[in-house]
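# An overview of the molecular structure
Listed below are the residues making up each chain.
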Amino acid sequence: MEQLPGGRRLRLASSLGLGQRCWEVTLDEERGLLAWRDPRPPRRGADNCFVPTSEIIAVEETEQNKKQRSTGKWQKMAKPHAFTVYYVKKARNHRWRCRDVTFWCADEYLCNQWIQALKELLEMQKCRPKQLLVYINPYGGKRQGKRIYEQKVAPLFSLASISADVVVTEHANHAKDNLFEVNISKYDGVVCVGGDGMFSEVMHGLIGRMQKDSGIDQNNPKAPLAQCNIRIGIIPAGSTDCVCYSTVGISDPVTSALHIIIGDCQPLDVSSVHHNNTFLKYAVSLLGYGFYGDVLKDSEKKRWMGPMRYDYSGFKTFLSHHYYEGTISFQPAKHTLGSPRDKDSCRTGCCVCKESEQQLAEQRKKCGFKHEEDEDEWKVIKGKFLAINVVNMSCACPRSPKGLSPAAHLADGTADLILVRKCSRFDFLRYLVRHTNRDDQFDFSFVDVYRVKSFQFTSKLSEDNESSVTDIGKKRFGQFCRDHPACCCNIANSTWNCDGETLDSSAIEVRVHCQLMKLFARGIEENCTDEAAYSHSSIEQLL
Ligand SMILES: Nc1ncnc2c1ncn2[C@@H]1O[C@H](COP(=O)(O)OP(=O)(O)OP(=O)(O)O)[C@@H](O)[C@H]1O
Ligand SMILES: CCCCCCCCCCCCC/C=C/[C@@H](O)[C@H](CO)NC(=O)CCCCC
Ligand SMILES: [Ca+2]
């Protein structure tokens, strides 16, 4: 074993037993890799194996009578001194699994040396959580939250020596209210088991608590908000699971649990939504008026259908083909790199998001948390819209694998504003189908997209009501289109879909807060399988 001057281990290399043969096993702290290689000349199927030390989940001394994971049979081990390393194995489509490998050592001293070196390495990973607060929504999605946590997640947390205080929610807002009361400093993170609605609850609890503790008035739409540094982990068990899918690349409970265990960190933009100087909600994925608002409103009555309710209400809303009149004002994002029509998407280590992080740090240095007057120009658009979507992230989900705005960034301080103007049913269907395939969904004459940092909307109905509150005729005719009774123009307002929750007001004011919170995630990885991420030559070098 080589030593660093301070006595710290740099490289541990031994010949250890694995299966029926001896393998060369190397732990290189400097390169952050554990690798094992069959020293015999390569043959088909035989391979070098390696795992980044940051992706080791646990190391355990192996009991002499070890139950073999693969066969489930009890097998008396031939050699008495062994240790097992549990690690992340990256499979296709961003799916992660926990795998283990058991190495046999010639003597107890060598075995302990390896266990100690690996345990010290794990101790050095300071970003890993030790104590978590877990909220489970037993009624989200297919109502499997409790089972998913108990069978798939809790065993992994205990393997990684993470302790968890678990709350199974008894009613809506249970988690949110609870977060205002708990001793939050006790925890290294909060985990929600459920869908986007459950995530939204936990996020509101944490951001709200943070503002309360910092004396910030959430009702002031211009107030700079205090960043929330405690990370949230999402174990997907909902109907859409858009936040999980867009930040991890898959909606899979085991994958998410492993991102939590290894302590990943992904900053996330959050939009604040206000009406008349009153705080309404925060949003991280979709703020949708028109189509997505109407789908949500209809689907809420059909919760008993589970995730299928969105297909049913989506179809119904599509047939109704309502459009809505209103005025949109927005401030275009000027200081960020990138545009919604970019071909490249936000990926792990995204340079657009990094640039925004630097700008944010500089701005904080310059004016702290003081509000800086924003003089940037506003653009105004009036029109008739089938859908108005404001997305802080791509909104990729299993129904729409590249999302509503494939090039939107998770942490650049901007949102993409997508305006779908009145068009034929056939054209709207063509647009919706492009949510599900690779074609450019902005390449339509009736679709416009802008990257914005703030946004306002007023419906024609509320403008009319405000400008002529005494016009009794208008009020009496309420919901009907007097000019064209057979058309799809809806004099009633639509509803805002805010991350899957409805908003009470149609007139809203939205501001994007750059990187207001953090998730246990790393964004979507470009080369997601181990084989793609590490070239064989770099492993050859190590061994
Ligand atoms: N015990 C509970 N009883 C009833 N409602 C609850 C309970 N716990 C949480 N909720 C509420 O249920 C709502 C929906 O939950 P969740 O987001 O987990 O599932 P979903 O709506 O099926 O999935 P998605 O949001 O991904 O479409 C949340 O807004 C949350 O506030
Ligand atoms: C003929 C083919 C048409 C196919 C159209 C498929 C379009 C799917 C796009 C899905 C976009 C989801 C955006 C995310 C929204 C979430 O914040 C929200 C809460 O979970 N989910 C919905 O509102 C649920 C919205 C579900 C809409 C159907
Ligand atoms: Ca963004």
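Numbering of residues starts from 1 in every chain and runs along the sequence as written. Working convention: letters from A go to chains and numbers from 1 go to ligands, in the order in which they are written. Residues qualify for local features only when their pLDDT is at least 70, as the model is predicted, and side-chain atom pairs are given and counted only at 80 or more; totals for whole chains, interfaces and linings, by contrast, use all residues. Heavy atoms throughout the structure, all of them, feed into the side-chain values; hydrogens and water do not.

Per an unreviewed UniProt entry, the protein chain goes by the name Ceramide kinase and belongs to Coturnix japonica.

### Digging into the site of ligand 2
Rules: Here, proximity means that at least one heavy atom of the residue falls within 4 Å of the molecule or strand. By the criterion applied in these results, polar contacts are pairs of N or O atoms within 3.5 Å in which, for protein atoms, one can donate a hydrogen and the other can accept it, and in which residues neighboring in sequence qualify only through two side-chain atoms. Each accessible area value is a Shrake-Rupley result obtained with a 1.4 Å probe; residue values ignore everything except the protein chains displayed when judging cover.
Neighbouring ligand 2 are 18 residues; D196, T240, S285, N497 and G500 lie closest to it. Measuring from an oxygen atom of ligand 2, one finds a side-chain N or O atom of T240 at 3.1 Å. Contact with the protein chains covers 85% of the free accessible surface of ligand 2, which is 690 Å².

### Here we look at the pattern of salt bridges
Threshold: When a carboxyl oxygen of Asp or Glu lies within 4 Å of a side-chain nitrogen of Lys or Arg, that pair is called a salt bridge. Secondary structure elements follow DSSP: runs of H or I of four or more residues count as helices, runs of E of two or more count as strands, with numbering from the N terminus. Summary of the burial criterion: residues with accessible area below 20% of their type's maximum are buried, those above 50% are exposed, and those between are partly exposed, where the area comes from a 1.4 Å probe applied to protein chains only.
Taken as a whole, this structure holds 24 salt bridges when the rule is applied. A salt bridge links R522 to D264; its shortest N-O distance comes to 2.8 Å. One end of the pair, R522, is in the loop between β24 (508-519) and α13 (530-533); the other, D264, is in the loop between α6 (253-261) and β15 (266-275), and 258 residues separate them in sequence. With relative accessibility at 9%, the residue D264 sits in the buried group.

### Thoughts on the coordination of the calcium ion (ligand 3)
Put simply, the rule reads: For Na, K and Ca the donor cutoff is 3.2 Å, while for all other metals N, O and S atoms must lie within 2.8 Å; water is not among the atoms, so some sites may look incomplete.
Surrounding the calcium ion (ligand 3) are the protein donor atoms D269 (OD), N392 (O), H409 (O), D412 (OD) and T414 (O), which sit 2.2 to 2.6 Å from the metal. Sequence spacing of the donors to the calcium ion (ligand 3): D-x122-N-x16-H-x2-D-x1-T. With respect to class, H409 is no different from D412; both count as buried.

### Topic: the site of ligand 1
Basically, it comes down to this: Here the nonpolar group is Ala, Val, Leu, Ile, Met, Phe, Trp, Tyr, Cys and Pro; Asp, Glu, Lys and Arg are the charged ones; every other residue, Gly included, is treated as polar.
Every one of the 23 residues lining ligand 1 counts as a neighbour, but T169, G195, G197, E201 and S239 are closest to it. Taking G197, its main chain carries an N or O atom lying 2.8 Å from an oxygen atom of ligand 1. Note that an oxygen atom of ligand 1 is positioned 3.1 Å from one of the backbone N or O atoms of D241. Bound to the protein, ligand 1 loses 88% of the 640 Å² it would expose on its own. For the shell around ligand 1, the secondary structure elements donating two or more residues are α4 (196-213) and α8 (308-320). Of the residues forming the shell around ligand 1, the biggest block, four residues, is contributed by α4. Considered class by class, the residues forming the shell around ligand 1 number five nonpolar, eleven polar and seven charged.

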